[in-house]
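# Overview (structure and organization)
In case you want the letters, here they are:
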Amino acid sequence: MNWKRWSLFLALVLTMGIFLAACGDDEEAGGDDGQDPGTEETDSGEDNGNSEGEGEGESGLAADQTLNVNIKTEPPSLHPGLATDTTSGAVLDQVFEGLMRINQDGEVEPAMAEDQPEVSDDLTTYTFTIREDATWSNGDPVTAQDFEYAWKWVLDPENADTDYAYQLYVIKGAQDAKENGGSLDDVGITAEDDKTLVVELQQPTPYFLDLTAFYTYYPVNHNVVDGVDDWAQDVTETYVTNGPFLLESWEHKDQIVLKKNPEYWDADTVNLETINMYMVDDENTAFQMFNNGELDWVGDPTDSLPLSAIPALKEEGSLNISSLAGVYYYAFNTEEAPFDNVNIRKAFASAVNREGIVQSITQREEQPAMALVPPSIWEENAEGYFADNDADQAKEYLEAGLEELGLDELPPIQLSYNTDEAHAAIAQAVQDMWRENLGVDVELNNEEWNVYLDTMGEGNFQVGRMGWLADFNDAINFLEIFQSVGGNNYTNWEDEEYSDLLEQSRTETDDAARKEILREAEGIFMDAMPISPVYFYTNAWVNKDYVKDVAVSGLGGVQYKWGYISDAKEE
Amino acid sequence: MAKYLVKRIGFIIVSLFLIITITFFLMQAAPGGPFASERALPPAIEEQMNEAYGLNDPLHVQYFDYLLSAITFDFGPSFKYAGQEVTDIIKRSFPYSLILGLEAIFIALSIGVLLGVIAALKHNRFGDYTAMVIAVLGISVPSFIMATILQYIFSIQLSVLPVARFESFAHSILPAVALATTPLAFIARLMRSSMLEVLNSDYIKTAKSKGLSQRVVTYKHGIRNAILPVISYLGPLVVSILTGSFVIEKIFGIPGLGSEFVESVTNRDYTIIMGTTVFFSLLLLFSILIVDLIYGLVDPRIKVARSGGEK
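Nothing here was measured: the structure is a model prediction, and the numbers come from that model.

### Some details on the pairing of strand S14 (residues 413-418) of chain A
All names here are of chain A. For S14, a buried count of 5 out of 6 residues is recorded, marking the element as mostly surrounded by other parts of the structure. By the bridge criterion, 6 bridges tie S14 to strand S15 (residues 442-447) in an arrangement that is parallel. Along S15, the bridge assignment pairs Tyr 417 with Asn 446. Crossover connection from S14 via helix H12 (residues 421-438) to parallel S15: handedness right-handed.

### Comments concerning the packing of aromatic side chains
All names here are of chain A. Summed over all chains, the structure comprises 46 aromatic pairs over all chains. For the ring pair Trp 493 and Tyr 498, a centre distance of 5.2 Å and an interplane angle of 65 degrees mean the geometry is edge-to-face. For the pair formed by Trp 493 and Tyr 498, the shared burial category is buried. Among the aromatic residues, those joined into a ring-pair cluster are Tyr 328, Tyr 330, Phe 332, Phe 339, Phe 348, Trp 434, Tyr 535 and Tyr 537. The residue whose ring lies beneath Arg 131 is Trp 265, and the NZ or CZ to ring-centre distance is 3.5 Å. Above the ring of Phe 290, the side-chain terminus of Lys 544 is found at 4.1 Å from the ring centroid.

### Thoughts on the pattern of salt bridges
A full pass over the atoms with the stated rule returns 25 salt bridges over all chains. The shortest N-O distance in the salt bridge between Asp432(A) and Arg435(A) comes to 3.8 Å. You can see Asp432(A) and its partner Arg435(A) sitting in helix H12, 3 residues apart, about one turn around the helix. In this structure Arg435(A) comes out as partly exposed when scored by relative accessible area, which is 39%. In this structure, Asp128(B) and Arg192(B) form a salt bridge, with 2.8 Å as the shortest nitrogen-oxygen distance. Pair noted here: Asp128(B) is in helix H5 (residues 126-140) and Arg192(B) is in helix H7 (residues 169-199), with a separation of 64 residues, a long-range link.

The rules behind each value
Residues numbered from 1 in each chain as written. Chains lettered and ligands numbered in written order. Predicted model: local features only at pLDDT ≥ 70, side-chain atom pairs only at ≥ 80, totals over all residues. Heavy atoms only, no water. Buried < 20%, exposed > 50% of the residue type's maximum accessible area, 1.4 Å probe, protein only. Helix = DSSP H or I, 4+ residues; strand = E, 2+ residues; numbered from the N terminus. Pairing = 2+ DSSP bridges. Right-handed = clockwise from strand over helix to strand, strands pointing away. Phe/Tyr/Trp six-rings, centres within 6.5 Å; stacked < 30°, edge-to-face > 60°. Lys NZ or Arg CZ within 6 Å of the ring centre and 35° of its normal. Salt bridge = Lys/Arg side-chain N within 4 Å of Asp/Glu carboxyl O.

The following block contains the structure:
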């Protein structure tokens, strides 16, 4: 009996021992990690010494130049030729650099190119000279061949994953090479010598320099990556970059760390030593981390603020807003009754209280949209083409429309949107506005994103939510969506005159005349009203007071090149 | 025993085959494709991508390709994360889910059993009520609410634990507790009722009347018998904790496999859907097998080999 009890006791002690040992390990590990921030601090303390030594003249810089931001998700690709999304763009814009860069004021300035390019008289040939001191992170010089290789790689039909190849279609022969079996040798990209790159365009393109600042136009070091298909999968010797920051580590789905690139040609401008990019998907969690001091920046452009937090932030005055070239709109299916009638479409557009939506639902000081092209591109569009929330006008249109259709009252209609808290709230408000102003029954229909795109693509909707963000700062970005049916134009609306005007604008070399043509096209579009614009997007974020000069672009990008941590952090 | 094992593994293969087949056809039937995005692609480029990823092949060819890839466990690259291999994605995210899951299971089991036993021993007294109030709360408060409350108390108010992410043991405490709440409550209730039943059974009365001490009766005769239902619950628990950690992983920003599993469906990332489904199915099927084997060890009345042979 006794030995049995003892053996039981012994077994118990042993099992407890195992658990305790396990816990002990964990605790030790925890302890170590707990000390980590401490060691980091001392590390950065040393850094301090350095940067103070370097930048004695600079006042207002904190010793610890570390920025913590959230980029929400894993970037789908850090290969400039394969990337197609803002998260990847937010990383690529820091580690790579194209011929041009958009500066803090939104203007295009030379980057890898030494100066503004020489442009031929017919505006179709650009000659760039690559700056002498431009080097790759492995020490190689950046050459014109690197650009030629990178761009032609994207245009090679063998490389199928290059969704954004069409960004290069302004270059002569590019579309042919990608889609119609044309030869890559006929594409208008020529490296004359190591430092001279000549680009021939299909036709004059006033926004071409903007495009060269876009990540699809970034160079890659062809000596290193040629033949290495997976060079951009991880941080390895083959991940060679030329931007203001280096990719220090990439823990997938967890964290990216960027370090300052000391060999960058403009390294003197760069103050931040380290950027920690965390991938926290949940907005509320990210916001809590910000409140807890674990993040220095939360919200757009790499993340978003929880809707519920915005009113309080606004009240305390810490919310930052900047305009974003994008429009949120409801597309009408112009082949589906009753929206095949223009007066009905106008009635629905006039009956929306946009001011109310941006004031009480989205609350990020968006501008009510009564036009297609955002006012950040065309200032005059702040006014728009019709009056917001004009119930009387809406009723007039409705009567005219009903008469033309031979109806007494509107049939019930369906409003579709993809599942999302904000989209749902807006749709409910609009449902109410339409019911009140037009006396129509509106049924709401929400679908998961992929299903929704499918439904819209099949034209299986009456009114559907959509949005568009510009790739570059030009009105054509918005107007060309609706040039023909298909692609991103879900409305089934097309118009010969409209299309002709856009074609005409492509060959017009005079800026003012071109704008005139495009304005005319927009006029035609707004008169047919195949969409009801709702609001123009904004960026909304909060940052710690000591974060300075981070450049948020009107195109949804962010650049940390000029950013720094001010010494307010230490006070 | 060997015969039983072979038979069970045979069943596993058949179930796996059915799972793959059903998943494949459901996946194909779902509207939308992996390349759908807010910006529609030029048709020519979309065509090239479909070709490159084998989406233009006839359905039966694609189906056999997937079967083959499941057998070799090589699913090829993800559609969304260009170039990343599915096996690499599973390899890098599973450890997070595993550590989190094991921690949660440990908490759920130890505290759940403890609460259950206390409740049974103090039947209808203060201890019982306290334990059961905790259990009812645990079952009725969803894990994501629990997570937010924990974050608020321990990170924001007390500043003792980090809000999110998964770097150290300290980071893992809150998500593990949040994940463990529901199963903990369930186990406590399970343990309580089965313990009550056992304590009222004849052999416990015999043991007591033989003059054994309360402690020996409880630990040696009571718990060992009462814990059987909890063990049979372990199999599904392991899997539901590993796959169901999606919400917790999202809230705490943990790069685990649960979120990969759910997001792949939203993204229509066919290869990852297949890879994670096969992986999780294997996990489920084998953990059920292991639980059955353990059952035989704990309860000598169940003869695994013989009962398997008879069926």
